[in-house]
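Okay, here's what each chain looks like letter by letter:
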Amino acid sequence: MKNLWNDLEAKSFIGDDLATCVYTSCLLGAEEDLIVHGGGNTSVKSRVHDFFGREVDVLFVKGSGWDLKNIEKSGFSVLRLEETKLLAELGELNDTEMTKQLRLNMLDQAAPLPSVEAIQHAIMPAKFVDHTHADAVLTLSNNPNGEAIIGDIYSDCLILPYVMPGFILSKQVYNEVKDFDINQYKGIILHRHGVFTYSNNAREAYENMIELVSRAESYISENGVVQHVESQSEVNLLDLARIRKSVSASRGSAQLAMLDQSDEAKGFASRDDIADIASRGPLTPDHVTRTKRIPVILDAKPDENVSEIQSFVNEYKAYFERNKVDGLIMLDPAPRAAVWSSNGTIAFGSTVKECNIITDIARHTRWTIQVGESLGGWKPLSEREIFELEYWVLQQAKLA
Ligand SMILES: [Zn+2]
């Protein structure tokens, strides 16, 4: 992974903490393999004057709904640091109360709401904190031997098992950082979730991220391969129209269908093992609200009613029944993505923006799945863990 730091550019931000953080955020966001659509977040601890002119310690943290690649100063939420850190000391904190307390800690109510990972940023004992959901690290982590491989290449990092993001994750990190100095580590690897790097120096936090992710990339290029399958198929647009109509009926509103017929998409869709490998789960649970847990797998020549869509809907309902808890209402059961045998992949959405996001996620996911298969197997989180994220109220709020 290329280190994009440029001394000349960075120089103009010296003395302005938030501008420096915006700069490194954009560098991280420029690498799609680090961050896809809203994934990842950054922060900087600083001091500002409050309404009465008093100096206050604050945390500038990426606001919900912003992408790192084009974030600006106005994309950061500004939180009272001490009060935000105190939240991590609580024994329990439910989602509603956490959101409320973070909101109360905001110094500027007009700024966007803070990332759901804000408390983790607050408790890290370093000025600059970077967090990504890097493809390469997830590829290795979502593997039956993931713990051994990650343990091997990240012996100088703190490695933590997967827990649900939000307060539970904040608590897990808090328990690690409260008794000793995590600055002795180069970063934190969260299994099946992502990477944290941190430093009092913005450049060091950024460069540590690039270095850590590059290690996973090197491991993959030395040990993994993507099997290339050729496909000469010609798409019948009437088939695509029937697929789109069927998905629209299952979602209850007209849907756009965006077909990806790139060689990579067609090759992926033409693999003999596609139904198996594409149906195990997402690259990161963060994607589930965009893509649902799995895509629908379509035959090269779907039947008149595209019965695969109805089967997908039935299976989604069964998945909901298997995992639901009291009070949950089922979301619409329509697929958001399809793998269309021999023909490529399709993204379904109500807007072009939604389709583009799903197409991008699908591109990253298919690469990761195929490399993961060649490295011992693609094994994402369990169905229940993914369900918890899909129905997590804070995750759904990101779509609003
Ligand atoms: Zn995260």
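Conventions adopted
Residues numbered from 1 in each chain as written. Predicted model: local features only at pLDDT ≥ 70, side-chain atom pairs only at ≥ 80, totals over all residues. Heavy atoms only, no water. Buried < 20%, exposed > 50% of the residue type's maximum accessible area, 1.4 Å probe, protein only. Helix = DSSP H or I, 4+ residues; strand = E, 2+ residues; numbered from the N terminus. Pairing = 2+ DSSP bridges. Phe/Tyr/Trp six-rings, centres within 6.5 Å; stacked < 30°, edge-to-face > 60°. Disulfide = S-S within 2.5 Å. Core = buried A, V, L, I, M, F, W, Y, C linked by side-chain atoms within 4.5 Å. Domains from an automatic or database assignment. Contact = heavy atoms within 4.5 Å.

- Per an unreviewed UniProt entry, the chain goes by the name Class II aldolase/adducin N-terminal domain-containing protein and belongs to marine metagenome.

### Focus: the pairing of strand β3 (residues 76-80)
Thinking step 1. Burial analysis of β3 places 4 of its 5 residues in the buried class, which makes it a mostly covered element.
Thinking step 2. Direction of pairing for strand β2 (residues 55-62) relative to β3: antiparallel, over a ladder of 5 bridges. Each residue of the ladder has a partner; that of Lys62, found in β3, is Phe76.

### A closer look at the packing of aromatic side chains
Thinking step 1. Following the criterion strictly, the structure yields 9 aromatic pairs and no others.
Thinking step 2. With a centroid separation of 5.4 Å and an interplanar angle of 70 degrees, the aromatic rings of Trp5 and Tyr23 are classed as edge-to-face. Taken together, the positions of Trp5 in the segment before α1 (7-11) and Tyr23 in helix α2 (residues 17-29) put the pair 18 residues apart, joining distant regions of the chain. Taken individually, Trp5 and Tyr23 each receive the classification buried, so the pair is uniform in this respect.
Thinking step 3. Counting every residue linked through ring pairs, the aromatic cluster contains Tyr316, Tyr319, Phe320, Phe387 and Tyr391.

### Side note on the state of the cysteines
Two cysteines whose sulfur atoms are joined by a covalent bond form what is called a disulfide.
Thinking step 1. For the structure on display, the rule yields 0 disulfides.
Thinking step 2. The structure places no disulfide on Cys26, whose sulfur is separated from the nearest cysteine sulfur, that of Cys21, by 9.5 Å.
Thinking step 3. Taking the relative accessible area as the measure of exposure, Cys26 reaches 24% and is therefore partly exposed.

### Some remarks on the nonpolar core
Thinking step 1. If you look at the biggest cluster of nonpolar residues, it comprises 43 residues, and the most contacted ones within it are Ile119, Met124 and Ile188.
Thinking step 2. Of all the elements, helix α8 (residues 167-177) adds the most residues to this core, at 5 residues.
Thinking step 3. Formed jointly, this core draws a minimum of three residues from each of two domains, domain 1 (7-223) and domain 2 (237-397).
Thinking step 4. Among residues more than four places away in sequence, those in contact with Ile119 are Thr84, Leu87, Ala88, Leu93, Met98, Leu102, Phe167 and Ser170.
Thinking step 5. Core analysis: the second largest hydrophobic core is formed by 28 residues, Ala134, Val137, Tyr154 and Val195 among them.

### Quick word on the pairing of strand β7 (residues 194-199)
Thinking step 1. Of all 6 residues making up β7, 6 are buried, and the element is well covered by its neighbours.
Thinking step 2. A two-sided burial pattern is seen for β7, the buried positions comprising Gly194, Phe196 and Tyr198 on one face and Val195, Thr197 and Ser199 on the other.
Thinking step 3. The pairing of strand β4 (residues 128-132) with β7 spans 5 bridges and is classified as antiparallel. Paired with Asp130 across the two strands is Thr197, which belongs to β7.
Thinking step 4. Bridge analysis of strand β6 (residues 188-190) against β7 gives 3 bridges, and the strand direction is antiparallel. Across the sheet, Ile188 pairs through a bridge with Phe196, a residue of β7.
Thinking step 5. Linkage of β6 to β7, two consecutive antiparallel strands, is achieved through a turn of 3 residues, within which Arg192 is found at a positive phi near 55 degrees.

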